[in-house]
Amino acid sequence: MSNTTKKIAVFPGSFDPITLGHVDIINRALPLFDTIIIAIGSNAAKKHMWALEDRKAAIEKVFANNQAIKVDTYEGLTADFCKKEGAQFILRGLRNQTDFAYEQNIAQANDKVNAVDSVFLISSPEHSFISSSIVRDIARNNGDFSALVP
Ligand code: ADP
């Protein structure tokens, strides 16, 4: 990669919904890249709580004032989406060893098969307990999850 090549990262996820944990990773990754594309993977077989368009709108609202951040949706392999966008990097957050064990194989496969490098940021301690699935659990039971989302 030459010095003038723009550094583009894709931050893929379900974002069902976006949480303060995601926002923290994105904000901390901003100094590393020229552009971060927040990419919502749409998988018809996967059950979601919030509609794809609602998830996209929520993310766009959070980062409306930041020109370095784009929001998009994609189907299929993350690596293929990266190729299409000219992104050299996949950005992911790590909360714990379970995240690490899961991410390691995927990152190594993406490196081997697609030559896309993954960049990991360890979650801030105050955010490492937050997950979209906890938010969905609270929402399902009519609880207040406002402290966990932007
Ligand atoms: P996926 O379905 O691909 O796991 P998510 O939307 O749950 O998608 O997560 C997207 C990325 O954000 C993953 O790398 C995940 O580890 C990371 N992430 C999720 N919650 C947090 C958090 N609280 N702190 C740091 N990273 C997080």
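Before going into details, it helps to say that this report is about the structure given with it.

Here is what the cut-offs are and how they apply
- Residues numbered from 1 in each chain as written.
- Predicted model: local features only at pLDDT ≥ 70, side-chain atom pairs only at ≥ 80, totals over all residues.
- Heavy atoms only, no water.
- Helix = DSSP H or I, 4+ residues; strand = E, 2+ residues; numbered from the N terminus.
- Rg over C-alpha atoms; globule rule 2.2 N^0.38 Å.
- Buried < 20%, exposed > 50% of the residue type's maximum accessible area, 1.4 Å probe, protein only.
- Contact = heavy atoms within 4.5 Å.
- Areas by Shrake-Rupley, 256 points an atom, 1.4 Å probe, with all protein chains shown as cover.
- Near = heavy atom within 4 Å.
- Polar contact = N/O pair within 3.5 Å; in protein donor to acceptor, adjacent residues only side chain to side chain.
- 1 Å grid on protein atoms, 1.4 Å probe; cavity = no way out; pocket = protein on both sides within 12 Å on 5 of 7 lines; lining within 4 Å.
- Sits in = over half its atoms within 2 Å of the grid points.
- Core = buried A, V, L, I, M, F, W, Y, C linked by side-chain atoms within 4.5 Å.
- Points joined across faces, edges and corners; volume = space filled by probe spheres on them.
- Nonpolar A, V, L, I, M, F, W, Y, C, P; charged D, E, K, R; others polar.
- Pairing = 2+ DSSP bridges.
- Right-handed = clockwise from strand over helix to strand, strands pointing away.

### Some remarks on the overall build of the protein
Stage number 1. The helix and strand tally for the protein stands at 5 helices and 5 strands.
Stage number 2. Ordered by position from the N terminus, the helices and strands of the protein form the series β-α-β-α-β-α-β-α-β-α.
Stage number 3. Its C-alpha atoms give the protein a radius of gyration of 15 Å, within 12% of the compact-globule value 15 Å for 150 residues.
Stage number 4. Residue burial in the protein is summarised as follows: out of 150 residues, 42% are buried.
Stage number 5. Summarising the internal contacts of the protein: among those between residues at least 6 apart in sequence, 77% fall at separations of at least 24.
Stage number 6. Total accessible area computed for the protein in this model is approximately 8,800 Å², and 51% of it derives from carbon and sulfur atoms.

### Description of the site of the ligand
Stage number 1. Taken together, 17 residues are adjacent to the ligand, and Ser 14, Phe 15, Gly 93, His 127 and Ile 130 come closest.
Stage number 2. Contact between the ligand and Phe 15: an oxygen atom at 3.0 Å from a main-chain N or O atom of the residue.
Stage number 3. One of the side-chain N or O atoms of Arg 95 is found 3.2 Å from a nitrogen atom in the ligand.
Stage number 4. Surface burial for the ligand is 88%, taken as the share of its 550 Å² of free accessible area covered by protein chains.
Stage number 5. Because more than half of its atoms lie within 2 Å of the grid, the ligand is assigned to the largest pocket.

### Points about the nonpolar core
Stage number 1. Grouped together as the largest cluster of nonpolar side chains are 21 residues, with contacts concentrated most on Phe 11, Phe 15, Ile 36, Ile 38, Ile 59, Phe 63 and Leu 91.
Stage number 2. Of all the elements in the fold, those that place two or more residues in this core are strand E1 (8-13), helix H1 (20-29), strand E2 (35-41), strand E3 (69-74) and strand E4 (89-94).
Stage number 3. Broken down by element, the residue count for this core peaks at 4 residues, all from H1.
Stage number 4. Not counting the four nearest positions on each side in its chain, Ile 59 is found in contact with Phe 15, Ile 18, Ile 38, Ile 40 and Val 71.
Stage number 5. Ile 8, Tyr 74, Ala 87 and Ile 90 belong to the second-largest nonpolar core, a separate cluster that totals 11 residues.

### Describing the layout of surface pockets
Stage number 1. Quantified by volume, the largest pocket comes out at close to 1,200 Å³.
Stage number 2. Of all the secondary structure elements, the ones that give two or more residues to the lining of the largest pocket are E1, H1, helix H3 (78-85), E4, helix H4 (97-114), strand E5 (117-122) and helix H5 (132-140).
Stage number 3. When residues of the lining of the largest pocket are assigned to their parent elements, the largest contribution, 8 residues, is made by H4.
Stage number 4. Here the residues of the lining of the largest pocket sort into 14 nonpolar, 21 polar and 9 charged.
Stage number 5. Around the second largest pocket, the lining residues are Phe 15, Pro 17, Ile 18, Trp 50, Asp 54, Arg 55, Ala 58, Lys 61, Phe 145, Val 149 and Pro 150.
Stage number 6. Taken together, the residues of the lining of the second largest pocket sort by class into 8 nonpolar, no polar and 3 charged.

### Looking at the pairing of E3
Stage number 1. Strand direction decides the pairing type here: E2 and E3, joined by 6 bridges, are parallel. Within the sheet, the bridge partner assigned to Ile 36 lies in E3 and is Ile 69.
Stage number 2. Traced from E2 through helix H2 (residues 52-62) to E3, the parallel crossover comes out right-handed.

The values are spatial; any link to function lies outside them.
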